[in-house]
Amino acid sequence: MRDEIKPVVIGRVWRDPDCAGEPLAEQHRLADGQVIVTWSVDPETLRGPVWHQVLEEEAGEPSGS
């Protein structure tokens, strides 16, 4: 069982489609269910595509099929 007090990393944003190198951002779910994004770069400076890696699906989220 995971610790509900600590934020859980549920996603990352990458410049590379293979999720290599340093992530541009991390998405966290807080104990109260709120989701926040912490950027390691200024998102206003990004040009071109970025990739979102989902690490943990939200409970009750419908599947893509």
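Computed from a predicted structure; not experimentally measured.

Procedures and definitions
- Residues numbered from 1 in each chain as written.
- Predicted model: local features only at pLDDT ≥ 70, side-chain atom pairs only at ≥ 80, totals over all residues.
- Heavy atoms only, no water.
- Helix = DSSP H or I, 4+ residues; strand = E, 2+ residues; numbered from the N terminus.
- Buried < 20%, exposed > 50% of the residue type's maximum accessible area, 1.4 Å probe, protein only.
- Contact = heavy atoms within 4.5 Å.
- Areas by Shrake-Rupley, 256 points an atom, 1.4 Å probe, with all protein chains shown as cover.
- Salt bridge = Lys/Arg side-chain N within 4 Å of Asp/Glu carboxyl O.

J.: Give me the overall build of the protein: which residues, what numbers.
T.: When helices and strands are tallied, the protein shows zero helices and four strands. When the helices and strands of the protein are read in sequence order from the N terminus, they spell out β-β-β-β. Here the protein holds 65 residues, and 15% of them are scored as buried. A separation of at least 24 residues holds for 41% of the contacts in the protein among residues at least 6 apart in sequence. By element, 53% of the accessible surface of the protein is carried by carbon and sulfur atoms, the whole surface being about 5,000 Å².

J.: Hey, could you go over the pattern of salt bridges for me, with residue numbers and the actual values?
T.: Applying the stated criterion across every chain, the model contains two salt bridges. A salt bridge links Glu 26 to Arg 12; the nearest nitrogen and oxygen atoms lie 2.9 Å apart. Of this pair, Glu 26 sits in strand 2 (residues 25–29) while Arg 12 sits in strand 1 (residues 8–14), and the two are 14 residues apart along the sequence. Note on Arg 12: relative accessible area 24%, which makes it partly exposed. Here Arg 29 ties to Glu 56 by a salt bridge, and the two come within 2.7 Å at their closest N and O atoms. Remark: Glu 56 occurs in the segment after strand 4 (51–54) and Arg 29 occurs in strand 2; sequence separation between them is 27 residues. By relative accessible area, Arg 29 is classed as buried at 11%.

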